[in-house]
Amino acid sequence: MDARRDVEHGRVSDDGSNLGRQAQKSKNTREKILNSAISLIKEGGFSAASASRIAERAGITWGAAQHHFGSKEDILDAVMAISHERFIASVSAPHLRQGTLADRVDAFVDCMWAHYQDDVYLAGLEILLASRDGNPGSTAAFDLRGKEHVKTLHEIFHDSDLSDEQLQEALIFVHCLLTGLTIEKVLEQQLRGEQRHLRRCKLMLLTAISNV
């Protein structure tokens, strides 16, 4: 009888659809909160993403935001995690594992450059720079020395005889170069000679991967 009353009042359903709707609603709210933080950082830098402004832009109270994330730091960590997940997804694309070594180097640098122009990455970079002294745990999402990155590089450049350490060094080099170009593009709102810079990066990576 109690279960039937719950169904009649919409609290549960035989197929769990109400539970499904609640989960989707929660997911949508979390996405709004994250998008709010990302857009605020994009528009005004890290300092613009205060707890109250994140909640206001998401159209909820800060208490509701805390219900979903707990703290502002948890929101920022989630942004970092999303950026990392997107990077892993992008470098897992099958086309990066096809063609000649030069083809794969070109595709890999283009893939990284596209990722570094993404709003989520840019927000993550701002978060990392702002929290480098106060929250070292956030740097985990930008750690390029992880085993998954080495595994991915070996898959893409399977015909290279470089060691794990050498591949990591090549990746860090590309990361530093492209991050610098990204910062220049953000500050100047454009990047003169963008394609020339990318060609140089590809040539240097090809040289490193070829171990010549």
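Look above for the structure.
Cut-offs and rules
Residues numbered from 1 in each chain as written. Predicted model: local features only at pLDDT ≥ 70, side-chain atom pairs only at ≥ 80, totals over all residues. Heavy atoms only, no water. 1 Å grid on protein atoms, 1.4 Å probe; cavity = no way out; pocket = protein on both sides within 12 Å on 5 of 7 lines; lining within 4 Å. Points joined across faces, edges and corners; volume = space filled by probe spheres on them. Helix = DSSP H or I, 4+ residues; strand = E, 2+ residues; numbered from the N terminus. Nonpolar A, V, L, I, M, F, W, Y, C, P; charged D, E, K, R; others polar. Axes fitted to C-alpha atoms, helices over the stretch in contact; angles between N-to-C directions. Parallel < 35°, antiparallel > 145°, perpendicular 65-115°, else oblique. Left-handed = near helix turned anticlockwise from the far one by under 90°. Contact = heavy atoms within 4.5 Å. Expected span 1.5 Å × (residues − 1). Buried < 20%, exposed > 50% of the residue type's maximum accessible area, 1.4 Å probe, protein only. Salt bridge = Lys/Arg side-chain N within 4 Å of Asp/Glu carboxyl O. Phe/Tyr/Trp six-rings, centres within 6.5 Å; stacked < 30°, edge-to-face > 60°. Lys NZ or Arg CZ within 6 Å of the ring centre and 35° of its normal.

Looking now at empty space enclosed by the protein. Rolling a probe over the atoms, with the probe sized like a water molecule, indicates the empty space that remains. Within the structure shown, the criterion is met by two cavities of 30 Å³ or more. Considered as a void within the structure, the second largest cavity measures approximately 40 Å³ in volume. Lining of the second largest cavity is provided by F87, V91, F108, H149, T152, L153 and L171. Ranked by the residues each element gives to the lining of the second largest cavity, the list is headed by helix α8 (residues 147-156), at three residues. Here the residues of the lining of the second largest cavity are counted per class, giving five nonpolar, two polar and no charged.

A pair of packed helices is characterised by two quantities: the angle between their axes and the separation of those axes. Where helix α6 (residues 101-116) meets helix α10 (residues 194-210), the axes come as close as 9 Å, and the angle between the chain directions of the two elements is 130°. Taken together, the axes of α6 and α10 lie oblique to each other. The handedness of the crossing between α6 and α10 is right-handed. Residues L101, A102, V105, D106, F108, V109, D110 and W113 of α6 form the contact with α10, whose participating residues are E194, L198, C201, K202, L205, L206, I209 and S210. Along the lines of polarity and charge, the residues of the contact of α6 with α10 split into 11 nonpolar, one polar and four charged.

A separate point is α6. An α-helical turn contains 3.6 residues, so any two residues separated by three or four positions project in the same direction. A rise of 1.5 Å per residue sets the reference length of α6, with its 16 residues, at 22 Å; its end C-alpha atoms lie 22 Å apart and thus fit the reference within 8%. Residues of α6 that are buried: L101, R104, V105, A107, F108, V109, C111, M112, W113, H115 and Y116. Residues of α6 that are buried in the fold lie against α5 (72-90), α7 (119-131), α8, α9 (164-188) and α10.

Tallying each qualifying case throughout the model produces eight salt bridges. Via salt bridges that share partners, R97, K151 and E155 belong to a single interconnected network.

Let's shift gears to the packing of aromatic side chains. A complete count under the given rule lists two aromatic pairs for this structure. Both rings, one in F108 and one in F157, keep their centres 5.6 Å apart while their planes meet at 80°; by these two values the pair is edge-to-face. Taken together, the residues F108 in helix α6 and F157 in the loop between α8 and α9 connect sequence positions 49 residues apart. Classification of F157 as buried rests on a relative accessible area of 1%. Considering the side-chain rings of Y116 and Y121, the 4.3 Å spacing of their centres and the 5° angle between planes classify their relative orientation as stacked. Given a relative accessible area of 2%, Y116 falls into the buried group. You can call Y121 buried: its relative accessible area is 2%. Sitting over the face of the ring of F69, R30 holds its NZ or CZ atom 4.1 Å from the ring centroid. The lysine or arginine in question, K72, covers the ring of F46, its NZ or CZ lying 5.1 Å from the ring centre.

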